[in-house]
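Chains, contacts and geometry: an overview
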Amino acid sequence: MTIRRSSNDRLALGALLVLAVGTFTVGTDGFVLNGLLSTIAADLRVSEAVAGQLTTVFAVTYAVSSPLIAAFTGRLDRRWVLGAGMVLFTIGMAGQAIGESFAVVAVARVLAALGAAAFQSNAYVLAGALASDERRGRALATVSAGMSVSMVLGVPIGVLAGNWFGWRAVMWGIGAVAVIVTLLVPLLPAIRMPTATLRDRLAIVVRPPIARVLGVSVLGTAAGFAAFVYLPVLVAPVAAGAMISWLSSVSGSGRSWATPSRAGRPTPSAPHGSGRSRSPGRR
């Protein structure tokens, strides 16, 4: 394992902000289409139900590819994985912005999800590995805050921008932020971590206690996000424009505070306290 820590054994604020902005960017793309379903459906000449599957495509690709990417790229410098992931994500955003058919946009969503999967998990690895024990909790919380903020602010702002400038402009905007993050990634500290094989990862997942917790989490999350995806469509008869944006913000805010903690209590997904933990093991 190769880690270059700063002299005060903490992850520099600038590096944390780069990682947090990256998680904010991929998080915004993951959810912003929900509030623009009607516009996207009309533009791509499909039903709103079909347009909603663009979110499903992203989510399934992300879930399946995350452990595979982690297993097959584990020996690489994490900066290269972060950078490659953000490049792929940017290509996916451009593809969505210029896609003229549902099929093209769906393929672009797959590319964006692959890039998001490569970036997101490695952002937490980098933050956790480079921070000292007493600051690791704060470092992870800072990176996690990017995802929480994307749900609370990124999605509603994206919905407003989509109503004003069109949904493709929103895709270009997210892509522009992704380009900035890509350019900043090489400035992050270098890190190589011991890796776990795919078999090792699956062996943990199938353990009965882990499988039960994971199953409940998947079912709960799927149920919540199934409603979240079509929320704008459901409330369209009584709300529109800015009202939908605010509803998205309230829904995202509640969801960001409903992430189960290890102790089984609801906690914000981005706590602001520092915590102690052991040095990260295999990733």
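Criteria and cut-off values
Residues numbered from 1 in each chain as written. Predicted model: local features only at pLDDT ≥ 70, side-chain atom pairs only at ≥ 80, totals over all residues. Heavy atoms only, no water. Helix = DSSP H or I, 4+ residues; strand = E, 2+ residues; numbered from the N terminus. Expected span 1.5 Å × (residues − 1). Bend = angle between axes of the 7 residues up to and from the residue. Buried < 20%, exposed > 50% of the residue type's maximum accessible area, 1.4 Å probe, protein only. Phe/Tyr/Trp six-rings, centres within 6.5 Å; stacked < 30°, edge-to-face > 60°. Patch = residues over 30% accessible without salt bridge, like charges linked within 9 Å, V, L, I, M, F, W, Y side chains within 5 Å. Areas by Shrake-Rupley, 256 points an atom, 1.4 Å probe, with all protein chains shown as cover. Salt bridge = Lys/Arg side-chain N within 4 Å of Asp/Glu carboxyl O.

**Considerations on helix α3 (residues 48-72)**
The terminal C-alpha atoms of α3, which comprises 25 residues, lie 37 Å apart, in line with the 36 Å expected from a rise of 1.5 Å per residue. At Ser65, α3 shows its strongest bend, of approximately 35 degrees, with the proline Pro67 following within four residues. Taken as a whole, α3 has its buried residues at Ala51, Gly52, Leu54, Thr55, Phe58, Thr61, Ser65, Ser66, Ile69, Ala70 and Ala71.

**As for the packing of aromatic side chains**
A complete count under the given rule lists 2 aromatic pairs for this structure. Centroid distance Phe58 to Tyr62: 6.5 Å. Interplanar angle 15 degrees. Geometry classified as stacked. Of the two residues, Phe58 and Tyr62 both sit in helix α3, 4 residues apart, roughly one turn of that helix. A relative accessible area of 7% means that Phe58 is categorised as buried. Between Trp164 and Phe165, the ring centres sit 6.4 Å apart and the planes meet at 85 degrees, which makes this aromatic pair edge-to-face. Of the two residues, Trp164 and Phe165, both sit in the exposed class.

**Examining a nonpolar patch on the surface**
Together, Ile204, Val205, Val206, Ile210, Leu214 and Val218 give the surface a local cluster of nonpolar side chains, amounting to about 490 Å² of exposed area. Broken down by secondary-structure element, the contributors of at least two residues to the nonpolar patch are α8 (198-205) and α9 (208-229). Examining the composition of the nonpolar patch, we find that 3 residues originate from one element, α9, more than from any other.

**Quick word on unusual backbone geometry**
Peptide bonds are trans in most cases, and residues, glycine excluded, mostly fall at negative phi. Non-glycine residue Arg45 carries a positive phi angle of around 60 degrees. Examined against the element boundaries, Arg45 turns out to sit in the loop between α2 (37-44) and α3. Given a relative accessible area of 64%, Arg45 falls into the exposed group.

**As for the pattern of salt bridges**
Enumeration over the complete set of coordinates arrives at 3 salt bridges. Close ionic contact of Asp29 with Arg109 constitutes a salt bridge, the shortest N to O distance being 2.9 Å. With Asp29 in helix α1 (residues 13-32) and Arg109 in helix α5 (residues 102-130), this pair connects stretches of sequence that are 80 residues apart. Arg109 shares its class with Asp29; the two are buried. Of the charged contacts in the structure, one is a salt bridge between Arg168 and Asp43, with a shortest N-O distance of 3.0 Å. Remark: Asp43 occurs in helix α2 and Arg168 occurs in helix α7 (residues 167-184); sequence separation between them is 125 residues. We classify Arg168 as buried; its relative accessible area is 17%.

So far we have only geometry, and geometry alone does not tell us how the molecule works.
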